[in-house]
Amino acid sequence: MKKILITGAAGKIGQHVANTLMKKTSYQLKLADINLLPLEKFKGSSNHEVIYLDVSSLEECQNACKNIDIVIHLAGDPSPNADFYSSLLENTIKGSYNIFKAASDNGVTKVIAASSAQTVEGYPLDFQVTDSSPVRPKNMYGVSKCFVEALASYFAYEKQLQSIVIRIGAYDDYKPEGLPLSARDMSAYISPEDFIDLLLKTITAKNLPFFSILHGISENRFKRLNIEETKRLVGYTPNSDAFKLCGIHFFDR
Ligand SMILES: NC(=O)c1ccc[n+]([C@@H]2O[C@H](COP(=O)([O-])OP(=O)(O)OC[C@H]3O[C@@H](n4cnc5c(N)ncnc54)[C@H](O)[C@@H]3O)[C@@H](O)[C@H]2O)c1
Ligand SMILES: O=C(O)[C@H]1O[C@@H](O)[C@H](O)[C@@H](O)[C@@H]1O
């Protein structure tokens, strides 16, 4: 059975992915993070492993990628306000390079890395981003994710490592009793269920190009990013619509 390394497994998205893959699939998982506390609950299964991994250390990445088939790279600073020198440089820029380099050196067959809708957030809100829209980040976090996309392209075309990035939108487990979403977040919304559908299909998809940028957005009535090509490539079938979930419960910004 395939062995999957998940970086950033202790995070919001990582924990949900780990939980679901354990329940719904028979992949062997190696769950890695600098924060081990949230991963305690996953310990004790003979099929899975929990390890400390700081992705800013190339040596640790090299060890973590040994005997791994697929890497799901989620580690990094998720804040659109993240500071370049004190966080993004180590955690996202260096960390992502280290993971791609270690995956390539250790014969990993596929890396699926978290990019973000923030790579294109500089476009006006009435513009729908398509697969041919150039990147247009609005903050250094978005710039750091553009670097992740460029890394994926480099390792795919120059090093023959299949590299797929997912531009995740506003990932949220929205509940009507929760805080209202902004109009923008409703158009960029992706539900945990739709993200899992996209991720599982990206893991198993046959004939996926060596390099792809997928758009991780739900079936929202208005979509910040166009998802037709993503549907075609992996058979993504999103079900959530933030506009239906929220009703009139949103605010303008
Ligand atoms: N949540 C969203 O809406 C969203 C949207 C787009 C993209 N993303 C991306 O998805 C990924 C996961 O996001 P999240 O919301 O789960 O964030 P999160 O902060 O909950 O999880 C990130 C995890 O990465 C870990 N991490 C940070 N630096 C690390 C390092 N140097 N080495 C190892 N682990 C490290 C953290 O400890 C944390 O557990 C991130 O790359 C984020 O940029 C998230
Ligand atoms: O584009 C977005 O909405 C999201 O982008 C992600 O990259 C950020 O991690 C998240 O905080 C944002 O809400």
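Above this text you will find the structure in question.
Residues numbered from 1 in each chain as written. Chains lettered and ligands numbered in written order. Predicted model: local features only at pLDDT ≥ 70, side-chain atom pairs only at ≥ 80, totals over all residues. Heavy atoms only, no water.

## Overview of the site of ligand 2
Test applied: Summary of the distance rule: residues count as near a molecule or strand when at least one heavy atom falls within 4 Å of that molecule or strand. In the analysis that follows, any N or O atom pair within 3.5 Å is treated as a polar contact, provided that within protein one partner can donate a hydrogen and the other can accept it, and provided that, for residues neighboring in sequence, both atoms belong to side chains. Each accessible area is a Shrake-Rupley estimate made with a 1.4 Å probe; only the visible protein chains count as cover when residues are assessed.
Around ligand 2 lies a shell formed by Pro78, Pro80, Ser116, Ala117, Gln118, Tyr141, Gly169, Ala170, Arg184 and Asp185. A distance of 2.4 Å separates an oxygen atom of ligand 2 from a polar atom in the backbone of Pro78. The side chain of Gln118 places a nitrogen or oxygen atom 3.2 Å from an oxygen atom of ligand 2. About the coverage of ligand 2: the protein hides 75% of its 310 Å² of free accessible area.

## Structural notes on the sheet that holds strand β3 (residues 49–52)
Inclusion rule: A pair of strands counts as paired when DSSP detects no fewer than two bridges linking them. A run of H or I in DSSP counts as a helix once it spans at least four residues, and a run of E counts as a strand once it spans at least two, with each numbered from the N terminus. Each axis is a line fitted through C-alpha atoms, and for a helix only the stretch in contact is used; angles between axes span 0 to 180 degrees, taken between their N-to-C directions.
Read from one edge of the open sheet, seven strands run β3-β2-β1-β4-β5-β6-β10, paired in parallel fashion. Because the sheet does not close on itself, it has two edges, and the strands there are β3 and β10 (211–216). Within the sheet, the average angular offset between the axes of one strand and its neighbour, ignoring direction, is 20°. Pairing analysis gives four bridges linking strand β4 (residues 70–73) to strand β5 (residues 110–116), with the strands arranged parallel. Bridge assignment links Ile72 to a residue of β5, and that residue is Ile112.

## So, empty space enclosed by the protein
To keep things clear, this is the line we draw: Cavities and pockets are defined on a 1 Å grid built over the protein atoms alone: a cavity is a set of grid points where a 1.4 Å probe fits but cannot escape, while a pocket is an open set with protein on both sides within 12 Å along at least five of seven lines, and lining residues are those with an atom within 4 Å of any such point. Grid points are joined across faces, edges and corners, and a volume is the space filled by probe spheres set on the points. Each residue gets one label: Ala, Val, Leu, Ile, Met, Phe, Trp, Tyr, Cys and Pro are nonpolar, Asp, Glu, Lys and Arg are charged, and the others, such as Gly, are polar.
A complete count under the given rule lists one cavity of 30 Å³ or more for this structure. Its boundaries defined by the atoms lining it, the largest cavity holds a volume of some 30 Å³. As for the largest cavity, its lining consists of Ile72, Leu74, Ile112, Ala113, Ala114, Ile166, Ile168, Phe195 and Leu199. For the lining of the largest cavity, the secondary structure elements donating two or more residues are β5, β6 (162–168) and α6 (192–204). When residues in the lining of the largest cavity are grouped by element, the largest group, three residues, is from β5. When the residues that make up the lining of the largest cavity are grouped by side-chain class, the tally is nine nonpolar, no polar and no charged.

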